[in-house]
Amino acid sequence: MSRIVMKFGGAALASPEQIQEAARKAIAERDRGFDVVVVVGAMRQTIQDVKMSVLHFTDDVSKRELDAVVSSCSQLSSSVFAIAIQEAGYNAVSLTGWQAGISTDHMHSHARINHIDVSRIDEHLLQGQIVVIAGDQGIDNDQNITTLGKGGTETTAVALAVALDAERTDIYTNVDGVYTADPRFVVKAQKLQEISYDEMLEIAHLGSHIIHPRAVELAKKFQMPVIIRSSLVESVGTLLKEEVEMEKNLVVRGVAFESDVIRLTIGYDAYSHASLADIFSTLAENRINVDIIVQAIIDGLKPTVSFSILKEEFAEALRVLEDSKVSLGFSFADFEIGLAKVSIVGSGMVSNPGVAARMFDRLRRENIPVKMVSTSEIKVSVVVPQNEMIRAANALHDEFNLEQALYI
């Protein structure tokens, strides 16, 4: 039989009723003739409650032990989900990440999947069981439990789909697909029928929390079709694939935005002390992501390097830089808070010059200051004051006529 992998995150498992509804969706796919593998995240509030229990003892928790604690949360979800399926009269089994054959590197809380041995999953599927797997976890070569960090559950789902040679991966979330912008803040946002991996990857990197970039990267690498759909209502969803038909021939297909961006600036006494490679290699070794990078070398002024970083990674970035200050050779670090990133995305931008100029002109007419800029073939991002983020997003959505996108 053809196989599908279904992912349900914590928001879809927030109550017994929601768990039963998610279980019904899995059962419906089984009744359609598919072998079904379900990947689940931790139930809402479970991780916070468990972490609070740990912090009662210490603020300096061993990363190994914290991974063991955190992994138990999605294990609880998988067992409860399997029980819900069993109570509906179907055969199901829950597996932890290591039982499902997921091997990772040793980087606790930020692990990467190295290999998946699906032999045990195959055995359960041959027995006609729906297999429910705890997401965001695996085991390293030393038999230590690891967690994958942000986006770990959907990354697990896509990786399993690839390893199982599944027909597709269904990502169930609290929205019914991918929109031209977040419909909670952009009232004219429209749902897209399809979106390319590259466009979704940019949108995911640029502030959309529908699916994590790691999962999109994996889907693109192995050409795994992914459907993003609602866990709350029946919907067709949005299909992620390699190439899509251009809705209404729109050059720009989406506007993304992200709050709580911090601009971190490092200064040097002399240009000879500066090394971009050393700075960003040090940050990368600690799995700290940076985005927009600007280097300023002006006669008479101390050279600086500025880059944007998310609020939740700011403290760790400062710690890493301070620990490496001597080897990196910088003399001071400064930062600016209260910023946001607003971006336009579209594969049609490659062959249509003038898109960035049009974006900047609209922001100028709206009197919205631009503090940093980053471009690629299919996106333009600007850093603006956070209190202007929503107004900028709506203005750009209007500027590029995204309300005309085809939708379902």
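As a reminder, the structure under discussion sits directly above these lines.
Treat the numbers as computed from the prediction; the structure is a model and nothing was measured.

Draft legend 1. View of the overall build of the protein. A tally of helices and strands in the protein yields 12 helices and 18 strands. Radius of gyration (C-alpha) of the protein: 23 Å, near the 22 Å computed for a compact globule of 408 residues. Referenced to the eigenvectors of the C-alpha coordinate spread, the extents of the protein come out at roughly 75 × 55 × 35 Å. Burial analysis of the protein (408 residues in total) assigns 51% to the buried set.

Draft legend 2. A look at the side chain of Thr146. Along the chain, the position of Thr146 falls in strand S8 (residues 145-146). Owing to a relative accessible area of 0%, Thr146 belongs among the buried residues under this scheme. A distance of 2.6 Å separates a polar atom in the side chain of Thr146 from a polar atom in the side chain of Thr104.

Draft legend 3. Geometry of the sheet that holds strand S16 (residues 332-345). Taken together, six strands build an open sheet; the order of strands is S14-S15-S13-S16-S18-S17 and the sheet is antiparallel. Of all strands in the sheet, those with a lone pairing partner are strand S14 (293-296) and strand S17 (372-376), marking the two edges. Pairwise comparison of adjacent strand axes, ignoring direction, gives a mean angle of 30° for this sheet. Two elements, S17 and strand S18 (residues 379-385), share five bridges in a ladder whose sense is antiparallel. Looking at S18, one finds that Met372 is bridged to Val383. Packing of helix H8 (residues 276-285) onto the sheet brings it into contact with strand S13 (254-267), S14 and strand S15 (304-310), and relative to S15 it is tilted by some 20°.

Draft legend 4. Expanded view of the pairing of S18. Of all seven residues in S18, seven are buried; the element is thus mostly enclosed. Sheet topology note: the S16/S18 ladder contains seven bridges and is antiparallel. Across the sheet, the residue bridging to Ile344 is Val380, located in S18. Count of turn residues in the S17/S18 antiparallel hairpin: two residues.

Draft legend 5. Here's a closer look at a nonpolar patch on the surface. A grouping of Phe360, Val370 and Val373 is seen on the molecular surface, where their side chains present a nonpolar patch of about 200 Å² in accessible area. Considering the arrangement of structural elements, one finds Val370 in the loop between helix H11 (355-365) and S17. On the basis of relative accessibility, which here comes to 35%, the residue Val370 falls in the partly exposed class.

Draft legend 6. Main features of the pattern of salt bridges. Counting across every chain of the model gives 35 salt bridges. The partner of Lys25 in a salt bridge is Glu234, and the shortest N-O contact between them spans 3.1 Å. You can see Lys25 sitting in helix H1 (residues 16-31) and its partner Glu234 sitting in the loop between strand S11 (226-230) and strand S12 (238-241), a full 209 residues away along the chain. A salt bridge links Glu258 to Lys341, with the shortest nitrogen-to-oxygen separation between them at 3.8 Å. Of the two residues, Glu258 is situated in strand S13 and Lys341 in strand S16; the sequence distance between them amounts to 83 residues. For Lys341, a relative accessible area of 5% puts it in the buried group. Linked through salt bridges whose partners overlap, the residues forming this network are Arg358, Asp361, Arg362, Arg364, Arg365, Glu366, Glu388, Arg391, Asp398 and Glu399.

Draft legend 7. Inspection of the sheet that holds strand S6 (residues 130-134) at higher detail. With mixed pairing, the eight strands of this open sheet are ordered in space as S3-S6-S2-S1-S9-S11-S12-S10. The sheet is open, and its two edges are formed by strand S3 (92-95) and strand S10 (194-196), each paired on a single side. Geometrically, the sheet is characterised by an average inter-axis angle of 20° between neighbouring strands, direction not taken into account. Pairing of S11 with S12 involves three bridges; the strand directions are antiparallel. From the neighbouring strand, Ile228 faces S12, where its bridge partner is Thr238. Packed on one face of the sheet, H1 meets strand S1 (3-8), strand S2 (35-40), S6, strand S9 (168-173) and S11 and runs near 175° to S1. Packing against the sheet, helix H5 (residues 152-163) makes contact with S1, S2, S6, S9 and S11, and its axis sits at approximately 175° to S1.

Reading the values: rules and limits
Residues numbered from 1 in each chain as written. Predicted model: local features only at pLDDT ≥ 70, side-chain atom pairs only at ≥ 80, totals over all residues. Heavy atoms only, no water. Helix = DSSP H or I, 4+ residues; strand = E, 2+ residues; numbered from the N terminus. Rg over C-alpha atoms; globule rule 2.2 N^0.38 Å. Buried < 20%, exposed > 50% of the residue type's maximum accessible area, 1.4 Å probe, protein only. Polar contact = N/O pair within 3.5 Å; in protein donor to acceptor, adjacent residues only side chain to side chain. Pairing = 2+ DSSP bridges. Axes fitted to C-alpha atoms, helices over the stretch in contact; angles between N-to-C directions. Contact = heavy atoms within 4.5 Å. Patch = residues over 30% accessible without salt bridge, like charges linked within 9 Å, V, L, I, M, F, W, Y side chains within 5 Å. Areas by Shrake-Rupley, 256 points an atom, 1.4 Å probe, with all protein chains shown as cover. Salt bridge = Lys/Arg side-chain N within 4 Å of Asp/Glu carboxyl O.

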